[in-house]
Amino acid sequence: GAVVSQHPSRVICKSGTSVKIECRSLDFQATTMFWYRQFPKQSLMLMATSNEGSKATYEQGVEKDKFLINHASLTLSTLTVTSAHPEDSSFYICSARGLAGAGNEQFFGPGTRLTVL
Amino acid sequence: RKEVEQDPGPFNVPEGATVAFNCTYSNSASQSFFWYRQDCRKEPKLLMSVYSSGNEDGRFTAQLNRASQYISLLIRDSKLSDSATYLCVVWGTGGYQKVTFGTGTKLQVIP
């Protein structure tokens, strides 16, 4: 199947700092990328949908000024958690969907575990 | 009512057993359906798509019932390695690109 990478896999930072997470589709072009957050023992929660070259669509309750998403190319999307606080500690997972007509399957990155001290 | 609902389990079944999971969705306009598998502290991995005609992949069979708005996953001859959380995923619940995950059903296959 298609491969999606995420970097970094784990990050620990101090409260108030910003953290950037990269999501790359390695062997296909991703017109759409998704960012999810998963708290322990809970389901994945969609944060935002990102289309290459346009602004991301954020889900209700997700602050767009806090979670900055950039999808500058068909293979790269970034999520920046600005001024992170301990409550932002979570497992952040990206997924990518291929070119239109290729089906709605999403392929997930391995996730980034963020711990804010 | 939640957009996508699953029985959280856990389902504890012996090796070799057959187990079935159901997932219901609230929006009749939903377009695509999938089952994903998620191991502890790992990312979800696509298990299979779900089609109206039903589809089978080895020991796994997925079915979609649009009239009753549910999808199912049947696992035959359970293996220890099947132990995981199975996530139901529904597309199109709020527009073309909106995707919703169920909370997952935990399966534990015991020797």
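Above this text sits the structure in question.
The residue numbers shown here count from 1 along each chain, following its written sequence. Going through the entries in the order they are written, you letter the chains from A and number the ligands from 1. Local features in this predicted model are restricted to residues of pLDDT 70 or higher, and side-chain atom pairs are both shown and tallied only at a pLDDT of 80 or more, whereas totals for entire chains, interfaces and linings draw on every residue. Side-chain numbers here rest on the full set of heavy atoms in the structure, without hydrogens or water.

Novice: Would you take a moment to explain the interface of chain B and chain A for this structure?
Specialist: Contact with chain B, which involves 19 residues of that partner, is made by 21 residues of chain A. Accessible-area loss on putting two parts together, using a 1.4 Å probe and summing over both, is the definition of buried area adopted here. In this assembly, chain B packs against chain A so that about 1,700 Å² is buried in total across both faces, 51% of it on carbon and sulfur atoms. Salt-bridge detection follows one rule: a side-chain nitrogen of Lys or Arg within 4 Å of a carboxyl oxygen of Asp or Glu. At the boundary of chain B and chain A, one finds 0 salt bridges. Distance and chemistry together define a polar contact, namely a pair of N or O atoms within 3.5 Å, with one atom able to donate a hydrogen and the other to accept it when in protein, and with adjacent residues in sequence counting only for side-chain atoms on both sides. The tally of links from chain B across to chain A stands at 1 residue pair in polar contact (both at pLDDT 80 or more). For the side of chain B that touches chain A, the elements supplying multiple residues, two or more each, are strand S4 (32-38), strand S5 (45-50), strand S9 (84-91) and strand S10 (99-101) of chain B. When residues of the side of chain B that touches chain A are assigned to their parent elements, the largest contribution, 4 residues, is made by S4 of chain B. Residue composition of the side of chain B that touches chain A, by class: 9 nonpolar, 6 polar and 4 charged. The criterion used for residue contact is that any of the two residues' heavy atoms lie within 4.5 Å. Helix and strand definitions here come from DSSP, where helices need a minimum of 4 consecutive H or I residues and strands a minimum of 2 consecutive E residues; each element is numbered from the N-terminal end. Under the grouping applied here, Gly and all other residues not named as nonpolar or charged are polar, the nonpolar ones being Ala, Val, Leu, Ile, Met, Phe, Trp, Tyr, Cys and Pro and the charged ones Asp, Glu, Lys and Arg.

Novice: How should the pattern of salt bridges be read in this particular structure?
Specialist: Considering all chains together, one arrives at 7 salt bridges over all chains under this definition. Put simply, Glu22 of chain A and Arg24 of chain A hold a salt bridge, and the shortest N to O gap is 3.3 Å. Buried means the residue's accessible area, taken with a 1.4 Å probe over protein chains only, is under 20% of the maximum for its type, while exposed means over 50%, and partly exposed covers the values in between. The class of Glu22 of chain A is partly exposed, set by a relative accessible area of 24%. Across the pair Glu56 of chain B and Arg76 of chain B runs a salt bridge, and its minimum N-O distance is 3.5 Å.

Novice: Would you explain the state of the cysteines in this entry?
Specialist: Think of a disulfide as a covalent bridge from one cysteine sulfur atom to another cysteine sulfur atom. Cysteine sulfur atoms are paired as a disulfide whenever they fall within 2.5 Å. Taken as a whole, this structure holds 2 disulfides over all chains when the rule is applied. Sulfur-sulfur distance for the disulfide between Cys23 of chain A and Cys94 of chain A comes to 2.0 Å. Judged by the torsion about the S-S bond (80°), the Cys23 of chain A/Cys94 of chain A disulfide is right-handed. Taken together, the residues Cys23 of chain A in strand S3 (residues 19-25) and Cys94 of chain A in strand S9 (residues 90-97) connect sequence positions 71 residues apart. The partner cysteine of Cys23 of chain B in its disulfide is Cys88 of chain B, sulfur to sulfur 1.9 Å. Taking the torsion about the sulfur-sulfur bond, which here is approximately -65°, the covalent link between Cys23 of chain B and Cys88 of chain B counts as left-handed. Here Cys23 of chain B, found in strand S3 (residues 19-25), pairs with Cys88 of chain B, found in strand S9; they are 65 residues apart in sequence, far enough to count as distant. In this structure Cys23 of chain B comes out as buried when scored by relative accessible area, which is 0%.

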